[in-house]
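# Architecture at a glance
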Amino acid sequence: MAENFLIGTYTKKASKGMYAVTLDPTKGQLVNDRVIVESEKPAYLQVGPNHLVFSIRQEGNLGGVASYHIENGVATLVDKSLSAGSPPAYVGLDSKRHLMFTANYHKAEVNVYQINPDGTFVQTDSVKHEGTHGPEPEQADGPHPHFTDLTPDGRLAVCDLGMDLLVIYNISDDGKLTAANQFKFEPGFGTRHMVFAPNGQYAYVLGELSSKLAVLKYNAADASFTHIQTIKTIPDDWTAHNGAAAIHITSDGKFIYTSNRGENTIAVFAVQPDHTVKHIQSISSEGDFPRDFELNSDEKFLIASNQNSDNLTLYRRNTENGMLTLMQKDVISPEPVCVKKWFEQN
């Protein structure tokens, strides 16, 4: 059965906003790339319930987040919250408590919003990160929250790239944050994104600036972490610039995928019985600057976005050994950044 995906983009060149593309699994092709929402810089998004989509939004010198109702291919702006300055880098959702979270890289802020049934929302809390930054040039101007999403036990995990820090917050039912614990990585790690194992006991954290993947053991009793392993996402002899970007884990917890901007690859890791990871493949992204990617519903395909070369790449995935095989490249998509499964019928 055909599946739809939403594509969040930058709008510095030809992109008009948020796009959609359809996967035809029978033919192993992506087809019908089309505009869904005309908006400035909807670079990251999350698909919510009841035909709602929550996305980063920019309007001139104002940045923030917006909600859209999208049904039968028709999008309607429901609500937006904008303020002076750059928009966030990430949007996270808590469907059970009807909360939305944003991480603002440039403002060093984590914001929380209560979502109403109609898709409107109101801000309930804001936390500003302060403290010692890392040694890399990208960290020189201070804290940079880059990811904010739920832990398996319902806390909020925040990756701060500027501080080489993973911060865990407790969340009240009315959307207030209180610090629970934190884990400090090696200087220059550049904490960007993370995923948890399906069992909720292990976390896999991606360092953008170091191009490293860290494995941590999570203790839900006090929201603490124990370091297990750190491994490179690129070859040891790679000397040109690289920035690790996205990370995803399969639903069975057996394989982890990361993207490398510079080497321009998708790296594949097999999770070992002791929960460490082993690098088993690096495959070309068939484009420049791969940002995000997404597995389809049965995890037999992976769609990657190449921001600088304006194209999507489709791979077939072997569900037994995790390996990727190129199926389609040069699928035109302007400035693609974020890829999300979307169950809308068109």
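Look up: the structure comes first, before these words.
Conventions adopted
Residues numbered from 1 in each chain as written. Predicted model: local features only at pLDDT ≥ 70, side-chain atom pairs only at ≥ 80, totals over all residues. Heavy atoms only, no water. Helix = DSSP H or I, 4+ residues; strand = E, 2+ residues; numbered from the N terminus. Rg over C-alpha atoms; globule rule 2.2 N^0.38 Å. Buried < 20%, exposed > 50% of the residue type's maximum accessible area, 1.4 Å probe, protein only. Areas by Shrake-Rupley, 256 points an atom, 1.4 Å probe, with all protein chains shown as cover. Lys, Arg positive; Asp, Glu negative; His and termini not counted. Charge placed at Lys NZ, Arg CZ, Asp CG, Glu CD. Pairing = 2+ DSSP bridges. Contact = heavy atoms within 4.5 Å. Axes fitted to C-alpha atoms, helices over the stretch in contact; angles between N-to-C directions.

Attention now goes to the overall build of the protein chain. Secondary structure summary: the protein chain contains zero helices and 28 strands in total. The C-alpha radius of gyration of the protein chain comes to 19 Å, within 12% of the 20 Å expected for a compact globule of 346 residues. The burial tally for the protein chain puts 59% of its 346 residues in the buried class. Accessible area for the protein chain stands at about 13800 Å²; split by element, carbon and sulfur atoms hold 49% of it. Computed over 29 positive and 41 negative side-chain charges, the separation of the two mean positions in the protein chain equals 2 Å.

The next thing to look at is the pairing of strand S14 (residues 165–171). Counting buried positions along S14 yields six of seven residues, so the element is predominantly enclosed. The pairing of strand S13 (residues 156–160) with S14 spans five bridges and is classified as antiparallel. Along S14, the bridge assignment pairs aspartate 160 with leucine 165. In sequence, S13 turns back onto S14 through a hairpin of four residues, with aspartate 164 there showing a positive phi of about 55 degrees. When S14 meets strand S15 (residues 177–184), the two strands line up antiparallel, connected through seven bridges. Bridge pairing links valine 167 to glutamine 182 in S15. Hairpin geometry of S14 and S15 is characterised by an intervening segment of five residues between the two adjacent antiparallel strands and by a positive phi of about 85 degrees at glycine 175.

Let us now look at the environment of threonine 132. Within the secondary structure layout, threonine 132 lies in the loop between strand S11 (121–128) and strand S12 (145–150). Classification of threonine 132 by relative accessible area gives exposed; the value is 63%. Spatially, the C-alpha atoms of threonine 132 and tyrosine 68 are 38 Å apart, while their sequence positions differ by 64 residues. Every residue in contact with threonine 132, bar those within four places of it in the chain, is listed here: Met163 and Lys184.

Looking now at the sheet that holds strand S22 (residues 265–271). Spatially, four strands are ordered S20-S21-S22-S23 in an open sheet, and the strand pairing comes out antiparallel. The strands lining the two open edges of the sheet, one partner per strand, are strand S20 (243–249) and strand S23 (277–284). Averaged over neighbouring strand pairs, the angle between their axes works out to 25 degrees when direction is ignored. Taken together, the seven bridges between S22 and S23 define a ladder with antiparallel strand orientation. Its bridge partner lying in S23, valine 268 is registered against glutamine 281.

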